[in-house]
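One-letter residues, chain by chain:
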Amino acid sequence: MIMKKETDTVELAKEKSHIIVAITEYIPNSVVSKTIIKKTTGNVTATSFDEGEELAEKTSPFDIYVQIIDGCAELAIDGKAFHLKLGDGIIIPCNKAHKFTANEQFKMITTVIKSSFDDC
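Presented here is an overview of the structure given in this document. Since we're looking at a predicted model, the values are computed, not measured.

A full pass over the atoms with the stated rule returns two aromatic pairs. Summarising the aromatic geometry, the rings of Phe49 and Phe100 are spaced 6.1 Å apart at their centres and angled 45° between planes, so their arrangement reads as tilted. You can see Phe49 sitting in strand β3 (residues 42–49) and its partner Phe100 sitting in strand β8 (residues 98–101), a full 51 residues away along the chain. Neither residue differs from the other here; Phe49 and Phe100 are each classed as buried. With a centroid separation of 4.3 Å and 10° between ring planes, the pair formed by Phe49 and Phe106 is classed as stacked. Linking Phe49 in strand β3 with Phe106 in strand β9 (residues 106–113), this pair joins segments that are 57 residues apart in sequence. Above the plane of the ring of Tyr26 lies Lys107, whose end atom (NZ or CZ) is 4.8 Å from the centre.

Encoded structure:
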């Protein structure tokens, strides 16, 4: 059985330094998320994937910026495969189906900025 775990949704402390790659831990057979900032206008989240884990295909009404902060990730956007390594970033366009797969452990930061004024 694959366990999915999302940690508390409390934001990280403001005006306090942190090590970005240490925000989430690797937990066997899990995908773990930690909220960095959560506002009605958007959010920033750190997520770790254990090897062999994946997130089911989904879409978002907003663009999503993804940056890999540890390891390598497989991302499919509308069926097109991307191999992302440490330091790589990519924008997932709004309303595009996307799916993450961990062929090895990896960590990422995702940023979503919500605006009703933008055409996606």
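On we go from here.
Along the chain, Asp50 falls in the loop between β3 and β4 (54–58). The class of Asp50 is buried, set by a relative accessible area of 12%. A polar contact is formed between the side chain of Asp50 and the side chain of Gln105, at a distance of 3.0 Å.

This paragraph deals with the pattern of salt bridges. Should the charged atoms of two oppositely charged side chains come close, the side chains can pair. Taken as a whole and assessed by the stated rule, the structure comprises five salt bridges. The partner of Lys14 in a salt bridge is Glu11, and the shortest N-O contact between them spans 3.5 Å. In this structure, Lys39 and Glu11 form a salt bridge, with 3.2 Å as the shortest nitrogen-oxygen distance. Here Glu11 lies in the loop between β1 (5–6) and β2 (31–39) and Lys39 lies in strand β2, a separation of 28 residues in the sequence. Judged by its relative accessible area of 40%, Lys39 falls in the partly exposed class. Taken together, the salt bridges that share partners define one network made up of Glu11, Lys14 and Lys39.

Criteria and thresholds
- Residues take numbers from 1 onward in each chain, read along the sequence in its written order.
- A pLDDT threshold of at least 70 governs which residues receive local features in this predicted model, and a stricter bar of 80 or more applies before side-chain atom pairs are shown or counted, although totals over entire chains, interfaces and linings include all residues.
- As a rule here, side-chain values come from all non-hydrogen atoms in the structure, and water together with hydrogens is ignored.
- By convention, a stacked pair of Phe, Tyr or Trp rings (six-membered ring in the case of Trp) has centres within 6.5 Å and planes under 30 degrees apart, an edge-to-face pair has planes over 60 apart, and any other such pair is tilted.
- Comment: elements are numbered from the N terminus, with helices defined as DSSP H or I runs of at least four residues and strands as E runs of at least two.
- Type-normalised accessible area, obtained with a 1.4 Å probe on protein chains alone, sets the label of each residue: buried when under 20%, exposed when over 50%, and partly exposed for intermediate values.
- The rule is short: NZ of Lys or CZ of Arg within 6 Å of the ring centre and within 35 degrees of the ring normal puts a charge over the ring.
- Counted as a polar contact is a pair of N or O atoms within 3.5 Å, where, for protein atoms, one must be capable of donating a hydrogen and the other of accepting one, and residues adjacent in sequence contribute only when both atoms are in side chains.
- Salt bridges are defined by distance alone: a side-chain nitrogen of Lys or Arg within 4 Å of a carboxyl oxygen of Asp or Glu.

From the geometry alone we can't say anything about function, so treat these as descriptive.
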